[in-house]
Amino acid sequence: MTTMKSIKRICILVVLCVATVSSYAQDLTENYSRAYASFAIGKLKDYSDSADKGVQIGYIYGYNITGNNAPLFLQIGAEGNLITSSEDGIRETIMGLAAPINLSYKLGFSDNLSIEPFAGVNLRYNMMAKLTSDDSDEELDYFDELDAKHFQFGINVGATININNLSIGYRFNPDMSNFFGFEGIDTKTQYHFISLGVNF
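Residues numbered from 1 in each chain as written. Predicted model: local features only at pLDDT ≥ 70, side-chain atom pairs only at ≥ 80, totals over all residues. Heavy atoms only, no water.

Caption draft 1: Just the overall build of the protein, in detail. Across its full length, the protein carries 2 helices and 10 strands. Mapped in sequence order, the helices and strands of the protein form the string α-β-β-β-β-β-β-β-α-β-β-β. Classification of the 200 residues of the protein by burial places 42% in the buried group. A fraction of 63% describes how many contacts in the protein between residues 6 or more apart in sequence connect residues 24 or more apart. A total accessible area of about 10,600 Å² is found for the protein, and carbon and sulfur atoms account for 61% of it. (Helix = DSSP H or I, 4+ residues; strand = E, 2+ residues; numbered from the N terminus. Buried < 20%, exposed > 50% of the residue type's maximum accessible area, 1.4 Å probe, protein only. Contact = heavy atoms within 4.5 Å. Areas by Shrake-Rupley, 256 points an atom, 1.4 Å probe, with all protein chains shown as cover.)

Caption draft 2: How the structure looks around the nonpolar core. Grouped together as the largest cluster of nonpolar side chains are 12 residues: Ala40, Ile83, Ile94, Ala129, Tyr142, Phe143, Leu146, Ala148, Phe179, Phe180, Tyr191 and Phe193. Those residues in contact with Ile83, other than ones at most four positions away along the chain, are Ala40, Asp52, Lys53, Gly54, Glu92, Thr93, Ile94 and Tyr191. (Core = buried A, V, L, I, M, F, W, Y, C linked by side-chain atoms within 4.5 Å.)

Caption draft 3: View of the packing of aromatic side chains. Within this structure, the stated rule accounts for 8 aromatic pairs. With a centroid separation of 4.7 Å and an interplanar angle of 50°, the aromatic rings of Phe179 and Phe180 are classed as tilted. Of the two residues, Phe179 and Phe180, both sit in the buried class. When the centroid spacing of 6.1 Å and the interplanar angle of 45° are considered together, the rings of Tyr191 and Phe193 count as tilted. As far as burial versus exposure is concerned, Tyr191 and Phe193 are alike and both buried. Ring pairs connect the aromatic residues Tyr142, Phe179, Phe180 and Phe182, which therefore count as one cluster. (Phe/Tyr/Trp six-rings, centres within 6.5 Å; stacked < 30°, edge-to-face > 60°.)

Caption draft 4: Highlighting the pattern of salt bridges. One pass over the structure, following the stated rule, counts 7 salt bridges. For Asp186, the salt bridge goes to Lys188, with nearest N and O atoms at 3.5 Å. We classify Asp186 as buried; its relative accessible area is 17%. (Salt bridge = Lys/Arg side-chain N within 4 Å of Asp/Glu carboxyl O.)

Caption draft 5: Quick look at the environment of Gly89. Within the secondary structure layout, Gly89 lies in the loop between β3 (72-87) and β4 (90-105). On a C-alpha basis, the gap between Gly89 and Asp135 in space is 7.5 Å, while along the polypeptide they are 46 residues apart.

Caption draft 6: Spatial organisation of the side chain of Ser33. Mapped onto the secondary structure, Ser33 falls in strand β1 (residues 32-44). Within polar-contact distance, the side chain of Ser33 engages the side chain of Tyr59 at 2.7 Å. (Polar contact = N/O pair within 3.5 Å; in protein donor to acceptor, adjacent residues only side chain to side chain.)

Caption draft 7: Inspection of a nonpolar patch on the surface at higher detail. Taken together, the side chains of Tyr105, Leu107, Phe109, Leu113, Ile115, Ile161, Ile163 and Ile168 define a hydrophobic patch exposed on the protein surface, amounting to about 640 Å² of accessible area. Broken down by secondary-structure element, the contributors of at least two residues to the nonpolar patch are β5 (107-110), β6 (113-133) and β8 (151-163). Taking the relative accessible area as the measure of exposure, Ile163 reaches 37% and is therefore partly exposed. (Patch = residues over 30% accessible without salt bridge, like charges linked within 9 Å, V, L, I, M, F, W, Y side chains within 5 Å.)

Caption draft 8: Layout of unusual backbone geometry. For Asp147, which is not glycine, the phi dihedral falls at a positive 55°. For Asp147, the location among the structural elements is in the loop between α2 (142-145) and β8. Of note in the backbone geometry, Asn164 takes a positive phi value of approximately 55° without being a glycine. Inspection of the secondary structure assignment puts Asn164 in the loop between β8 and β9 (166-174).

This is the structure in structure tokens:
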């Protein structure tokens, strides 16, 4: 299954879920849960000029840290990522788990519309990272051969638009630690995420 087919199927599933949820008046100070799917695009800063693309499935819980006195939330989440790139028959695949931890604030514009800017940190564990070729059955394991790092630390900056139960979000996720251990080469990853989700 190609990455684009996966993205289309995930988006269709999310839209079908949203279609079953009735409109409701948003409570800006109430705790919430959100399930979402994202399309990702990014690259290693100094190591590669080609763009990595992928998909992400995630869940986040928003906990009001003011005791419902203001719409200020601590977001704690869990995500699974699959990132791929392909050029001249060479395919890169990176799979991992992440835990975003953010502070967010809801700005209400009507009973059914709010915007939620957020910022925080992102903790990622890279489970698999490899390079394969159409011309060979051999694989290049990044962890064994290129000193790739399993753990990375980054930051999150973005915003989510909530329309009834539907959420549409953008997040910029630059890493603060290198993916490879190459001396003198910046291999921090920078990803942009566009997400579609359901609040409940």
